[in-house]
Amino acid sequence: MGVLGRKKGRLSVLFGSILTYSLANIACGFVQDPTTYKILRFIAGIGLAGELGAGITLVSEILPKHLRAIGTSLVAGIGLLGAVVAYFSVEWFDWRTAYFIGGGMGIALLLLRIGVFESGVFMHIKAQKHLQRGNFFSLFTNRDRLIRYLKCIGMGLPTWFVIGILATFSNEFGLAMNIPEPIKPGLSIMWCYIGLSVGDLSSGFLSHWLHSRKKAVLGLMLFTLVCTLIYLFGGINTASNFYGIILFLGFGIGYWAMFVTIGAEQFGTNLRATAATTIPNMVRGTVVLMTTLFGYFQTVV
């Protein structure tokens, strides 16, 4: 999706991503066997992977620099509330209907975004035929560029550690902490995303006030570290306190949009969409390693 964003434009990727995951979600409501379901979830994941990077790139190129952090934070912060809608969709409807709701929301989103214009920066670069656009491997052919790319990926790792481990496996942590009331992973993820949404909305204004995205991200990462230590070693013994610390953890990792924006700004316009799309997906990909290690350490400890 990042390569296509450079070659075909941000809007093409944005609309293609939304259409792909929306149709895949609707199709999931009709599945009758696990194999088809796995394939459709894989296709939905491919579609979802392109939307954030393309959207953040488009917003960052359209808005003036002094409003960029606020704009991208609003996009991500409001969008992340979808996890809250997802939780209540499952609670109030059967799982098939929940997929129809998710797919229908995607189609509605696509219709709302029809009026969005292509980035003027992309149109200017597109006119320059001599420039190479969207070469993913060029991120690895220059040492300085590679280091910047890896630093950006490292910046986002805490976000998916919190979501992919601390929230997703919250029921297992609750058992280990001897919390009397069973912890629901779905509810933990919902509270985490509420905090994440508020954090994303706040981080844009915080960076605007500090005149530094780096300082804002550093502050939120330190806050996440403190909350993680409380989560693991703070002696939490009630479900309400557990969900409370999950909420604060979500707020701490609420620099997702800013982290993608920082990643996009580290590279020229010929690589911006590629970087902005691949960096968050590289971070998402590390969840496979995290969950594998989590399962391994459960068996040896």
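Residues numbered from 1 in each chain as written. Predicted model: local features only at pLDDT ≥ 70, side-chain atom pairs only at ≥ 80, totals over all residues. Heavy atoms only, no water.

When you go through the protein chain residue by residue, the secondary structure sums to 14 helices and 0 strands. Listed by position from the N terminus, the elements making up the protein chain come as α-α-α-α-α-α-α-α-α-α-α-α-α-α. Taking all 301 residues of the protein chain together, 45% fall into the buried category. A separation of at least 24 residues holds for 79% of the contacts in the protein chain among residues at least 6 apart in sequence. When the accessible area of the protein chain is evaluated, it comes to approximately 15000 Å², of which 71% is carbon and sulfur surface. (Helix = DSSP H or I, 4+ residues; strand = E, 2+ residues; numbered from the N terminus. Buried < 20%, exposed > 50% of the residue type's maximum accessible area, 1.4 Å probe, protein only. Contact = heavy atoms within 4.5 Å. Areas by Shrake-Rupley, 256 points an atom, 1.4 Å probe, with all protein chains shown as cover.)

Our focus in this paragraph is unusual backbone geometry. Phi at Asn-178 takes a positive value of approximately 60°, unusual for a residue other than glycine. Its place among the elements puts Asn-178 in the loop between helix 9 (170-176) and helix 10 (185-210).

We now examine the packing of helix 8 (residues 143-167) against helix 13 (residues 256-265). Between helix 8 and helix 13, whose axes approach to 10 Å, the crossing angle comes to 165°. In terms of their interaxial angle, helix 8 and helix 13 are classed as roughly antiparallel. Read as a crossing pair, helix 8 and helix 13 show a hand that is left-handed. Seen from helix 8, the contacting residues are Cys-152, Met-155, Gly-156, Thr-159 and Trp-160; seen from helix 13, they are Trp-256, Phe-259, Ile-262 and Gly-263. (Axes fitted to C-alpha atoms, helices over the stretch in contact; angles between N-to-C directions. Parallel < 35°, antiparallel > 145°, perpendicular 65-115°, else oblique. Left-handed = near helix turned anticlockwise from the far one by under 90°.)

To continue, consider the confidence of the model for the protein chain. Detailed conclusions should not be drawn from predicted coordinates in areas where pLDDT is low. Model confidence for the protein chain is summarised by a mean pLDDT of 81, while 81% of its residues fall at 70 or above. No element of the protein chain has a lower mean pLDDT than helix 7 (residues 120-127), which averages 45, and none a higher one than helix 12 (residues 239-252), which averages 94. For residues 117-125, every residue scores under 50 in pLDDT, and the model assigns this stretch 26 contacts once sequence neighbours within four places are set aside. (pLDDT = per-residue confidence, 0-100.)

With respect to the element layout, Asn-25 can be found in helix 2 (residues 10-28). The class for Asn-25 is buried, based on a relative accessible area of 13%. When residues no more than four places from it in sequence are discounted, the contact partners of Asn-25 are Arg-41, Ala-44, Tyr-99, Gly-102 and Gly-103.

Core analysis: the largest hydrophobic core is formed by 52 residues, its most contacted members being Phe-173, Tyr-231, Phe-242, Phe-259 and Ile-279. Take this core: its biggest share by element is 10 residues, from helix 8. Each residue touching Phe-173, except ones within four places of it in the same chain, is listed here: Ile-165, Leu-166, Tyr-231, Leu-232, Phe-242 and Phe-294. (Core = buried A, V, L, I, M, F, W, Y, C linked by side-chain atoms within 4.5 Å.)

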